[in-house]
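# Working through the structure, step by step
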Amino acid sequence: MKVTVVGAGAVGASCAEYIAIKNFASEVVILDIKENFAEGKAMDLMQTASLNGFDTKITGSTNDYTKTAGSDIAVITSGIPRKPGMTREELIGINAGIVKEVSSNLIKHSPDVTIIVVSNPMDTMTYLVHKTTGLPKNRIIGMGGALDSARFKYRLSEALEAPASDVDGMVIGGHSDTGMVPLTRLATRNSVPVSEFISEERLNQVAEDTKVGGATLTKMLGTSAWYAPGAAVSGLVQAIACDQKKIFPCSTLLSGEYGLDDLCIGVPVVLGKDGIEKIVEIELNDAEKTKLKESAEGVKKTNGLLEL
Ligand SMILES: NC(=O)c1ccc[n+]([C@@H]2O[C@H](COP(=O)([O-])OP(=O)(O)OC[C@H]3O[C@@H](n4cnc5c(N)ncnc54)[C@H](O)[C@@H]3O)[C@@H](O)[C@H]2O)c1
Ligand SMILES: O=C(O)C[C@H](O)C(=O)O
C-alpha cells in the first residue's frame, strides 16, 4: 500500500507520522514544492522508526511526481492555512489553483488513486477535484467531519466529565465555522443519550464550541491545528487501506441524497477499499434538516467563487 501526502507542512507531516506509527502502509511519499523540505521531514520521521517501532518507508520529494507513481491513496494538504480572524473560505483564491494543479499531477502518475482532500475551504476544494479530474465520485473524499466529530467528542467528554472513549457523536454539514451540524440528539455516552446527563443549555454550548473548534485553535496557535487533523486523515487512510468498512462523516458529491444535489458536503459514508462505498442516509429531524440545508447553501455560495 503506497500513500502520497502532498504538502510537508504541519498537517501533512502529522498525517504521515500517524500513518507510519499505525504501521499499515508499506510506503509513504511526502511531496512539497519547497526545496528539500519534504526530504527533511521524511528523514526526521524515518529516524523515529526504531523508536516508535514501525516499518513504513517514508521518502520525500521536491515536486517530483514520478516518485508518487502507483500511489493507492493520496492526501492533499498543500496550500495556505488561515491566520487568526480569517475564515477558511478566504483561502480559496490561493488554494484552488494549488489543489487543481496537484490533483492533476497526482492522477497523471497514479490513475487509480483515491484522493483525500484536506486543503481549505475543504468542501469546495473537494468539489473542485470532482469538476476538474473526472475521477469516479467514490475516489474523491473530503476530510472535515472526522476531525469535527473528534472535537465534538472532546467537548462532550469535557461536559460529561467522562473519557472521550466513552462518548460517541457525529458532525455533518460543511466544514466551516457556521456550517457544521453537530448531531447532539444522537450523541451518546456508552449507548445512553447524552441528554440524560447534561442540560439542553450545556449541550448547545458543546455544539457551539465544536463549530468554532478550528477557529479557537487558530487564535491560540497563530496558524491552524495539525495533530487532530493529521490523526483524522490517518483514520480515513487506514479505513481505505485496510478495507475496514468504517463509517465516518466525509465530504462527498451528493446527487439527491439528503435532498441535496451538485455539491460536496459532510455526510456519513462507509469507507473501504473502494473509497466511499456507500452514503449512509440517516433520518434527520426537521431542525437538523434545516441546518443541513442552510449549511449546503453556504458551501454552494463558496463553490460559486470557483473559476471552473
Ligand atoms: N480539512 C481539514 O480538516 C483541515 C485541517 C487542518 C488544516 N487544513 C488545511 O490544510 C492546509 C495545510 O495546512 P498546514 O497547517 O499544513 O499548512 P502549512 O503551511 O504548514 O503547509 C502547507 C504546505 O503546502 C506546501 N505547498 C504549497 N503549494 C504547494 C504545491 N503546489 N505543491 C506541493 N506543496 C505545496 C507548502 O510549501 C507547505 O509546506 C491548509 O489549507 C489548511 O487550512 C484543513
Ligand atoms: O481551522 C482551520 O482553518 C483548519 C482546519 O479546517 C481545522 O478545522 O482545524
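The model shown is predicted, which means the values in this text are computed figures rather than measured ones. (Residues numbered from 1 in each chain as written. Chains lettered and ligands numbered in written order. Predicted model: local features only at pLDDT ≥ 70, side-chain atom pairs only at ≥ 80, totals over all residues. Heavy atoms only, no water.)

Contact geometry for helix H4 (residues 92-109) and helix H5 (residues 122-133): axes closest at 10 Å, N-to-C directions at 45°. Overall, the two elements H4 and H5 adopt an arrangement that is oblique. In the crossing of H4 with H5, the sense of the turn from one axis to the other is right-handed. Contact residues: H4 offers Ile92, Asn95, Ala96, Val99, Lys100, Ser103 and Ile107, while H5 offers Thr124, Met125, Leu128, Val129, Thr132 and Thr133. Here the residues of the contact of H4 with H5 are counted per class, giving seven nonpolar, five polar and one charged. (Axes fitted to C-alpha atoms, helices over the stretch in contact; angles between N-to-C directions. Helix = DSSP H or I, 4+ residues; strand = E, 2+ residues; numbered from the N terminus. Parallel < 35°, antiparallel > 145°, perpendicular 65-115°, else oblique. Left-handed = near helix turned anticlockwise from the far one by under 90°. Contact = heavy atoms within 4.5 Å. Nonpolar A, V, L, I, M, F, W, Y, C, P; charged D, E, K, R; others polar.)

This brings us to the pairing of strand E13 (residues 261-272). By the criterion of burial, E13 is predominantly enclosed, with ten of the twelve residues buried. The turn linking strand E12 (residues 246-255) back onto E13 is made up of five residues, and Gly256 within it adopts a positive phi angle of 105°. Relative to strand E14 (residues 275-279), E13 runs antiparallel, the two sharing four bridges. The partner of Gly272 across the bridge, within E14, is Gly275. Connecting E13 to the antiparallel partner E14 that follows it, the hairpin turn spans two residues. (Buried < 20%, exposed > 50% of the residue type's maximum accessible area, 1.4 Å probe, protein only. Pairing = 2+ DSSP bridges.)

To continue, consider the site of ligand 2. The immediate surroundings of ligand 2 are formed by Arg82, Arg88, Asn120, Leu147, Arg151, His175, Gly214, Thr218 and Ser224. Arg88 places a side-chain nitrogen or oxygen 2.8 Å from an oxygen atom of ligand 2. Contact distances for ligand 2 include 2.8 Å between an oxygen atom and a side-chain N or O atom of Arg151. In the complex, 94% of the free accessible area of ligand 2, which totals 260 Å², lies under the protein chains. (Near = heavy atom within 4 Å. Polar contact = N/O pair within 3.5 Å; in protein donor to acceptor, adjacent residues only side chain to side chain. Areas by Shrake-Rupley, 256 points an atom, 1.4 Å probe, with all protein chains shown as cover.)

Below, the discussion takes up the packing of aromatic side chains. In the structure shown here, the tally under the stated rule is one aromatic pair. Looking at Lys34, its charged tip hangs above the ring of Phe37, at a distance of 4.1 Å from the centre. Geometry around Phe197 places Arg189 over its ring, the cationic atom sitting 5.5 Å from the centre. (Phe/Tyr/Trp six-rings, centres within 6.5 Å; stacked < 30°, edge-to-face > 60°. Lys NZ or Arg CZ within 6 Å of the ring centre and 35° of its normal.)

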